[in-house]
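Descriptive analysis of the structure
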Amino acid sequence: MIVSRTPLRVSFLGGGTDFPSYFNSNPGYVLGTTINKYVYVNILSLPKFAEERYRFTYRVTESVLDFIDFKHPVVREVLREKNWAHPLNIATMADLPGRSGLGSSSSFTVGFLNALNHFDKRQVLPDYLAKESIRIERELLGEPGGWQDQFQAATGGFRLYKFDAGIVTPDVFSFESNFIDFVSASLVLLPMQNWRDSAGFAEETSRSVGGGSGHQLALNLAKLTLETSQELVSSYTVKEKFDILCSAINLAWSIKVNLSAGSLDPKVLEKIEEGLVRGASAGRLCGAGGTGFLLFLVSPNLRESFIASMAKDLPFPISVVRSGSEIL
């Protein structure tokens with residue numbers, strides 16, 4: 001049996017500038033990290049005497065004789081492209097629910113490709129996994145969205161990504177381990193419980209940053225992300241860098257609120273404000289939707305008390321992981 005483990009991600013700055021409609025004419029920058037919450041994909045041969053040739057277990061179980069009958073688009077199209085012939089039993093599980101702004105759908109695609117290639121005895125690199133996942137999701141299936149999720153899932157780590165006319169640079173700067181560890185010890189997720197389908201938000205974002213009302217916002221966000229990242233590799237102390245990052249996150253979030261408050265759940269705004277009052281240094285909504293997980297950055301010495309003070313909302317700590325999709 002082949003088992004892949006692929007991390008979910010949180011983005012701090014620059015989301016939206018990773019859309020081709022934007023970065024084909026202006027460089028985009030996204031600062032984010034993979035976290036210690038994962039999507040798992042298991043692949044096992046089905047015996048020849050099984051009634052079906054292919055089985056896929058996720059929220060439901062699909063059992064088919066021909067993979068073209070799979071309803072799940074990624075599994076169906078990947079197997080179709082490979083003209084797959086070997087009977088397979090596929091299953092996926094995740095530490096956190098999907099449709100919550102943490103890049104889970106792309107983590108699944110990356111993890112499935114990783115596991116399937118290893119099952120087929122093919123060694124693949126992170127760059128291949130990211131680009132092939134983008135091709136499948138964005139080109140083959142026509143799903144709207146940016147490129148950051150696939151690269152973060154495949155590459156892993158705390159990184160600044162540059163997106164420029166189809167060329168992606170995962171390591172624009174090299175951040176100090178002490179600073180990454182400090183940020184890692186500050187991260188808290190809080191579930192809002194109301195998951196959403198991000199496709200509609202992604203379509204609107206693509207139009208907006210490509211030349212619509214959000215284009216200037218995207219330009220400003222790319223500039224803010226690059227300039228903040230430059231400060232994060234300067235000679236400031238770790239705590240000063242943390243404060244710089246938090247200030248930038250809050251600024252970016254306030255801009256988004258002013259431009260898209262109508263699409264945001266009012267409870268999201270209230271809960272972020274409450275988190276800031278209770279000691280968080282920064283807070284924002286994960287992903288492009290109107291609700292989902294909230295991300296807070298809390299000074300490490302205050303994180304435990306912050307979680308206790310918000311206990312009724314079920315917050316929990318997360319940490320940075322430096323690896324992308326891997327085979328266990």
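Residues numbered from 1 in each chain as written. Predicted model: local features only at pLDDT ≥ 70, side-chain atom pairs only at ≥ 80, totals over all residues. Heavy atoms only, no water.

1. Examining helix α6 (residues 177-184)
F179, I180, V183 and S184 are the residues of α6 that are buried. Axial view of α6: buried residues confined to an arc of 140°, hence all on one face. (Buried < 20%, exposed > 50% of the residue type's maximum accessible area, 1.4 Å probe, protein only. Helix = DSSP H or I, 4+ residues; strand = E, 2+ residues; numbered from the N terminus. Arc of directions from axis to C-beta.)

2. Considering the side chain of S299
Residue placement: S299 occurs in the loop between β10 (293-297) and α11 (303-309). A polar atom in the side chain of S299 sits 2.7 Å from the side chain of N301. (Polar contact = N/O pair within 3.5 Å; in protein donor to acceptor, adjacent residues only side chain to side chain.)

3. Here's the deal with the sheet that holds strand β11 (residues 316-317)
Taken in spatial order, the four strands make up an open sheet running β9-β10-β8-β11, and their pairing is antiparallel. Whereas interior strands pair on both sides, the edge strands pair on one side only; in this sheet they are β9 (282-285) and β11. Direction of pairing for β9 relative to β10: antiparallel, over a ladder of four bridges. Residue G283 lies in a different strand from β10, and its bridge partner there is F296. Against the sheet, helix α10 (residues 266-277) makes contact with β8 (187-191), β9 and β10, and its axis sits at roughly 20° relative to β10, the strand it touches most. (Pairing = 2+ DSSP bridges. Contact = heavy atoms within 4.5 Å. Axes fitted to C-alpha atoms, helices over the stretch in contact; angles between N-to-C directions.)

4. Description of the pattern of salt bridges
Scanning the entire structure with this criterion turns up 20 salt bridges. The shortest N-O distance in the salt bridge between D120 and R122 comes to 3.0 Å. Owing to a relative accessible area of 36%, D120 belongs among the partly exposed residues under this scheme. Between K312 and D313 there is a salt bridge; the shortest N-O distance is 3.5 Å. For D313, a relative accessible area of 16% gives the class buried. Shared partners join several salt bridges into a network, and the residues in it are K271, E274, R278, K312 and D313. (Salt bridge = Lys/Arg side-chain N within 4 Å of Asp/Glu carboxyl O.)

5. Focus on unusual backbone geometry
You will see that A165, though not glycine, has its phi angle at about 55°, which is positive. Take A165: it is sitting in the loop between β6 (158-164) and β7 (167-169). Phi at L314 takes a positive value of approximately 60°, unusual for a residue other than glycine. Of note, L314 is situated in the loop between α11 and β11.

6. Details of the nonpolar core
In terms of nonpolar packing, the biggest core is built from 74 residues, with F12, F112, L189, L245 and L297 touching the most fellow members. Dropping the residues within four chain positions of it, L245 is found in contact with F12, L13, L31, F179, V183, T228, L232 and L297. The next biggest cluster of nonpolar side chains, apart from the first, holds 16 residues, and it includes L264, I272, L294 and M310. (Core = buried A, V, L, I, M, F, W, Y, C linked by side-chain atoms within 4.5 Å.)

7. Side note on the packing of aromatic side chains
Under the counting rule described, the total for this entry stands at 16 aromatic pairs. Centroid distance F158 to F175: 5.2 Å. Interplanar angle 80°. Geometry classified as edge-to-face. In this pair, F158 is assigned in strand β6 and F175 in the loop between β7 and α6, connecting sequence segments 17 residues apart. Across this residue pair, the class does not change: F158 and F175 are buried. (Phe/Tyr/Trp six-rings, centres within 6.5 Å; stacked < 30°, edge-to-face > 60°.)

8. Thoughts on the side chain of E52
Mapped onto the elements, E52 comes out in the loop between β2 (28-45) and β3 (54-57). Within the structure, the side chain of E52 is placed 3.1 Å from the side chain of R55, a separation counted as a polar contact. Aside from chain neighbours lying at most four places away, what touches E52 is L46, S63, V64 and L65.

9. Focus on helix α4 (residues 126-140)
Between its first and last C-alpha, α4 extends 20 Å over 15 residues, near the 21 Å set by a 1.5 Å rise per residue. For α4, the complete set of buried residues consists of L129, A130, E132, S133, I134, I136, E137 and R138. G142 sits one or two positions beyond α4 and adopts a positive phi of about 70°. (Expected span 1.5 Å × (residues − 1).)

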